[in-house]
Amino acid sequence: MRTNLLELDLDGLADFCGQLGEKRFRATQLFRWIHQRGASDFDAMSDLAVALRTKLKGCAFVQALPVISEHVSADGTVKWLFDVGDGNAVESVFIPEDDRGTLCVSSQAGCAVGCRFCSTGHQGFSRNLTTGEIVAQLWFAEHALRKRLATQSRVISNVVMMGMGEPLQNYTALVPALRVMLDDHGYGLSRRRVTVSTSGVVPMMDRLSQDCPVALAVSLHAPNDALRDNLVPLNRKYPLEELLDACRRYLEHAPRDFITFEYCMLDGVNDQVEHARQLIALVNPAQGVPIRCKFNLIPFNPFPASGLLRSPSAQVAMFAKVLSDAGIVTTVRKTRGDDIDAACGQLAGDVKDRTRAVERMAKQRTIVLKQVT
Ligand code: SF4
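Just so it is clear, the structure is predicted and the values come from calculations on it, not from any experiment.

Caption draft 1: Structural detail: the pairing of strand E14 (residues 329-332). Relative to E14, strand E13 (residues 293-299) runs parallel, the two being bridged by four bridges. Paired with Phe295 across the two strands is Thr330, which belongs to E14. Note on the crossover from E13 through helix H10 (residues 313-325) to E14: the handedness is right-handed.

In structure tokens form, the structure reads like this:
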């Protein structure tokens, strides 16, 4: 069986080349051709010996994911929907800004966590992506964008694992993919420019801090366990106190870093002044260690099945002010690519639901609506 070389980080590729009787520096050359130059045709890799190219053709290939659709927003945001087989699709979104280009990457087809405000969560879980399928999103996007912009220079400067899926529930595939992103012979992204976003898989946060301490974002979305149990069901397994302790431990391994807390603003649900005050007490407790953090407030992108509404802008601004006045750096995420539904999970509606998520959510929605009214 031939191996897709996008599945391998540099150590993995060195082992693969070793089995072909080749030295590590050949693996480095091959890795650079693939990731830095976007090459998939071994014959184009002109500094590799013809004998090696012939061997590679017999046992390896480099293949992107088939693109189902591409949407380009008026603001330059690009969204791709990729086919990962068996009726499943995942999406990646490129967000250009003045000083950076960020790619939002998916880690799973669907998601088993089932956050109430997330359209992916409503689709249920189908399967984990492989390392190659995670890397392929970056490989394709980087080289497609270079061609489009007619440049040899790097276009994607930041990667956020915030697309479909809970990355820390796909840990074994995730870590080699992160290593490809960070490798100087790969994409050469700095540790702080690669962000893993988690809904709070505490044991895996600890492992990530040891194995590959990239920037960490935590999907918080609620300031107390009662509300978070409802909005982010994983909270029932890893409640807030455990989650925040894991954040503190993470920062011990990355002492100059901070945690980004993502907070989706839901009208009348989690957007009141009292909620902001509870958040302040969580991250700056009267007793105990404060957490170096910033808050990113996300205007909710409503979709009918959620039964939830976006907080009015004035409410978001007021909430941000309460946090800022307490000395917490707070930003409000700009909505990008509204014209192409660039928010998470909005194109891949056909992901197979193997967790009966829709049924589960319908029951949960009744509870939230009762809380709102
Ligand atoms: S917000 Fe993230 S963890 Fe929650 S359901 Fe959506 S993809 Fe999964």
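Caption draft 2: Quick look at H10. Between its terminal C-alpha atoms H10 stretches 18 Å, which fits the 18 Å expected from 13 residues at 1.5 Å a residue. Every buried residue of H10 is accounted for by Val316, Phe319 and Leu323. Buried residues of H10, seen end-on, are gathered within an arc of 65° and therefore sit on one face of the element. Along H10, exposed side chains directed more than 90 degrees from the buried face belong to Ser313, Ala314, Ala317 and Asp325. Check the buried side of H10 and you find it contacts strand E12 (259-265), helix H9 (273-283), E13 and E14. Immediately downstream of H10, the backbone of Gly327 shows phi near 85°, a positive value.

Caption draft 3: Structural view of unusual backbone geometry. Unlike most non-glycine residues, Asp86 shows phi in positive territory, near 60°. If you trace the backbone, Asp86 turns up in the loop between strand E4 (78-85) and strand E5 (88-97). For Asp86, a count of 9 C-beta atoms within 10 Å gives the class exposed. Despite not being glycine, Ala150 has its phi angle at roughly 50°, a positive value. With respect to the helices and strands, the residue Ala150 is situated in the loop between helix H4 (131-149) and strand E9 (158-161). We classify Ala150 as exposed; it has 6 C-beta atoms within 10 Å.

Caption draft 4: Structural context of the packing of H4 against helix H5 (residues 171-182). Contact pair H4 / H5: the axes reach a minimum separation of 8 Å and the direction vectors enclose 35°. Seen from above, H4 lies across H5 with right-handed handedness. Contact residues: H4 offers Thr131, Ile134, Val135 and Leu138, while H5 offers Ala173, Leu174, Pro176, Ala177, Val180 and Met181. Class assignment for the residues of the contact of H4 with H5 results in nine nonpolar, one polar and no charged.

Caption draft 5: Main features of the UniProt feature "binding site: [4Fe-4S] cluster" (unreviewed entry) in the chain. UniProt's feature table lists "binding site: [4Fe-4S] cluster" (unreviewed entry) at Cys111, Cys115 and Cys118, given in the numbering used throughout. Within the secondary structure layout, Cys111 lies in the loop between strand E7 (108-110) and strand E8 (125-128). Leaving out residues up to four positions away in the same chain, Cys111 has contacts with Thr120, Gly121, Phe125, Met164, Gly165 and Glu166. Structurally, the position occupied by Cys118 is in the loop between E7 and E8.

Caption draft 6: Fine view of the sheet that holds strand E6 (residues 100-104). Taken in spatial order, the 10 strands of this open sheet run E3-E4-E5-E6-E9-E10-E11-E12-E13-E14, and their pairing is mixed. With partners counted over all chains shown, the strands left at the sheet margins are strand E3 (67-72) and E14, one partner each. Strand-to-strand twist in this sheet, taken as the mean axis angle between neighbours without regard to direction, amounts to 20°. Bridge count between E9 and strand E10 (residues 194-198): three bridges; the pairing is parallel. Each residue of the ladder has a partner; that of Val160, found in E10, is Thr195.

Caption draft 7: How the structure looks around the nonpolar core. Among the nonpolar cores identified, the biggest contains 96 residues, and Leu138, Val159, Met181 and Met265 are the most heavily contacted of them. Take this core: its biggest share by element is seven residues, from H4. For this core, the two domains that each supply at least three residues are domain 1 (3-61) and domain 2 (67-372). Leaving out residues up to four positions away in the same chain, Leu138 has contacts with Leu103, Val105, Ile156, Val159, Met181 and Tyr187.

Caption draft 8: Fine view of the UniProt feature "binding site: S-adenosyl-L-methionine" (unreviewed entry) in the chain. The UniProt entry lists Gly165, Glu166, Ser197, Ser219, Leu220, His221 and Asn301 under the feature "binding site: S-adenosyl-L-methionine" (unreviewed entry), expressed in the numbering used here. Its place among the elements puts Ser219 in strand E11 (residues 215-219). C-beta crowding within 10 Å serves as the criterion here: with 25 such atoms nearby, Ser219 is assigned to the buried category. Residues within four places of Ser219 in sequence aside, it is in contact with Ser197, Thr198, Ser199, Val232 and Glu262. Assignment of secondary structure puts Leu220 in the loop between E11 and helix H7 (225-231). Leaving out residues up to four positions away in the same chain, Leu220 has contacts with Phe261, Glu262 and Tyr263.

Calculation criteria
Residues numbered from 1 in each chain as written. Predicted model: local features only at pLDDT ≥ 70, side-chain atom pairs only at ≥ 80, totals over all residues. Pairing = 2+ DSSP bridges. Helix = DSSP H or I, 4+ residues; strand = E, 2+ residues; numbered from the N terminus. Right-handed = clockwise from strand over helix to strand, strands pointing away. Expected span 1.5 Å × (residues − 1). Buried ≥ 20, exposed ≤ 12 C-beta atoms within 10 Å, placed from the backbone. Arc of directions from axis to C-beta. Contact = placed C-beta atoms within 7 Å. Axes fitted to C-alpha atoms, helices over the stretch in contact; angles between N-to-C directions. Left-handed = near helix turned anticlockwise from the far one by under 90°. Nonpolar A, V, L, I, M, F, W, Y, C, P; charged D, E, K, R; others polar. UniProt positions renumbered as here; feature names shortened; annotations may be inferred. Core = buried A, V, L, I, M, F, W, Y, C linked by C-beta atoms within 7 Å. Domains from an automatic or database assignment.

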